[in-house]
Amino acid sequence: MSAVTLYSTVDGPEDAPVLVLGSSLGTTGEMWRFQLPALAQRLRVVRYDHRGHGRSPVPPGPYRVEDLGSDVIALLDRLGIQRCHLGGASLGSAVALWVAANHPDRVDRLVLAGTAAVFGTPETWRTRAATIREQGMAAIAATVVDRWLPPAFAAAHPELRQELLDAVLATPVEGYAHCCGALEVMDLTADLAKVTAPTLVITGSEDQSTPPELGRAVAAGIRDARLVEIAGAAHLPNVSHADEVTRLVADFLLAG
């Protein structure tokens, strides 16, 4: 499948090192807004929407992780970026991992949050895709979002939970379903050993979507990867533990 032209935003100094960030299934680049003010002071931050999401096109399926990764390579080419730091959360981490393994010449440092080499079971993704095609995004939105945030944080910040809920509800059904199809067949286990970029893996101790042991396995499979587990965080620590994630990412990318 041909690459599509992804929607992206660019912030930060034109001459700074570039950081490209991908988001979770059912969200857009906006999910990284909590990190943007600090990171964009010293980095050129590119946030993009996956195909089938946000303001990016919704091409016919099926999608595979290599399609989503090829979209990112095309984005780099279009923006004139030869090498960059690359990061992502959840689905965005899978795409970043694929790019780093298959286009190592394009990636300086790699940041993976809420990550795994295999996401769930094939049946999980088949069922979810079928459900939304029959009943719409509202059938799964609340269940999905409530796995992303620690319950106490969600209760204390209902506006942030609602923001994520609105993002999922706004995601095109076919775009989301085709990305479910990509996760259904994805297995990046063999790709881990191909990653040469220095890598930071961030997991949440309370992550139900990609439990910490899956992040540990990713870190163990990538040579010299650094693993950080954030106590009390769920699947999207960049939202619930925003300052800690910002500090971790900044320290990792700007060290030395």
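Being a predicted model, the structure only gives us computed values, none of them experimental.

Draft legend 1. Representation of the overall build of the protein within the structure. A count of helices and strands for the protein gives eleven helices and seven strands. Scaling as 2.2 N^0.38, a compact globule of 256 residues should have a C-alpha radius of gyration of about 18 Å, and the protein matches this with 17 Å. Each of the three principal axes of the protein carries a C-alpha extent, and together these read 50 × 40 × 35 Å. Classification of the 256 residues of the protein by burial places 54% in the buried group. Intrachain contacts of the protein at a sequence separation of at least 6 include 79% that bridge at least 24 residues. Within the structure as shown, the protein displays about 10200 Å² of accessible surface, and the carbon and sulfur contribution to it stands at 52%.

Draft legend 2. View of the side chain of Arg47. By the secondary structure assignment, Arg47 is in strand S3 (residues 44–48). Reaching out from Arg47, the side chain makes a polar contact with the backbone oxygen of Gly29 at a distance of 3.4 Å. Other than its neighbours up to four places away in sequence, Arg47 contacts Tyr7, Ser8, Thr9, Asp11, Leu21, Gly29, Glu30, Trp32, Arg33 and Leu36.

Draft legend 3. How the structure looks around the packing of helix H2 (residues 65–79) against helix H3 (residues 91–102). As a packed pair, H2 and H3 sit with axes 9 Å apart at the nearest point and diverge in direction by 75°. The angle between H2 and H3 places the two elements in the roughly perpendicular class. Of H3, the residues touching H2 (which contributes Val65, Glu66, Leu68, Gly69, Ser70, Val72 and Ile73) are Leu91, Ala94, Val95, Trp98 and Val99. Residue classes in the contact of H2 with H3 are distributed as nine nonpolar, two polar and one charged.

Draft legend 4. Quick look at empty space enclosed by the protein. Considering all chains together, one arrives at one cavity of 30 Å³ or more under this definition. The volume enclosed by the largest cavity comes to roughly 40 Å³. Residue lining of the largest cavity: Leu19, Leu21, Trp32, Gln35, Leu39, Val111 and Val249, and that is the complete set. A per-class count over the lining of the largest cavity returns six nonpolar, one polar and no charged.

Draft legend 5. Structural view of unusual backbone geometry. In the segment running from Gly61 into Pro62, the intervening peptide bond is cis, with an omega of 0°. As for its placement among the helices and strands, Pro62 is situated in the loop between S3 and H2. For Ser90, which is not a glycine, the phi torsion comes out positive at approximately 55°. Take Ser90: its relative accessible area is 8%, and that puts it in the buried class. Of note in the backbone geometry, Asp224 takes a positive phi value of approximately 65° without being a glycine. Within the secondary structure, Asp224 sits in the loop between helix H9 (212–221) and strand S7 (226–230).

Draft legend 6. View of helix H11 (residues 242–254). Compared with the 18 Å implied by 1.5 Å per residue over 13 residues, the 18 Å span of H11 between its first and last C-alpha is a close match. Listed as buried for H11 are Ala242, Val245, Thr246, Leu248, Val249, Ala250, Phe252 and Leu253.

What counts, and where the lines are drawn
- Residues numbered from 1 in each chain as written.
- Predicted model: local features only at pLDDT ≥ 70, side-chain atom pairs only at ≥ 80, totals over all residues.
- Heavy atoms only, no water.
- Helix = DSSP H or I, 4+ residues; strand = E, 2+ residues; numbered from the N terminus.
- Rg over C-alpha atoms; globule rule 2.2 N^0.38 Å.
- Buried < 20%, exposed > 50% of the residue type's maximum accessible area, 1.4 Å probe, protein only.
- Contact = heavy atoms within 4.5 Å.
- Areas by Shrake-Rupley, 256 points an atom, 1.4 Å probe, with all protein chains shown as cover.
- Polar contact = N/O pair within 3.5 Å; in protein donor to acceptor, adjacent residues only side chain to side chain.
- Axes fitted to C-alpha atoms, helices over the stretch in contact; angles between N-to-C directions.
- Parallel < 35°, antiparallel > 145°, perpendicular 65-115°, else oblique.
- Nonpolar A, V, L, I, M, F, W, Y, C, P; charged D, E, K, R; others polar.
- 1 Å grid on protein atoms, 1.4 Å probe; cavity = no way out; pocket = protein on both sides within 12 Å on 5 of 7 lines; lining within 4 Å.
- Points joined across faces, edges and corners; volume = space filled by probe spheres on them.
- Expected span 1.5 Å × (residues − 1).

Distances and angles like these do not, on their own, reveal function.
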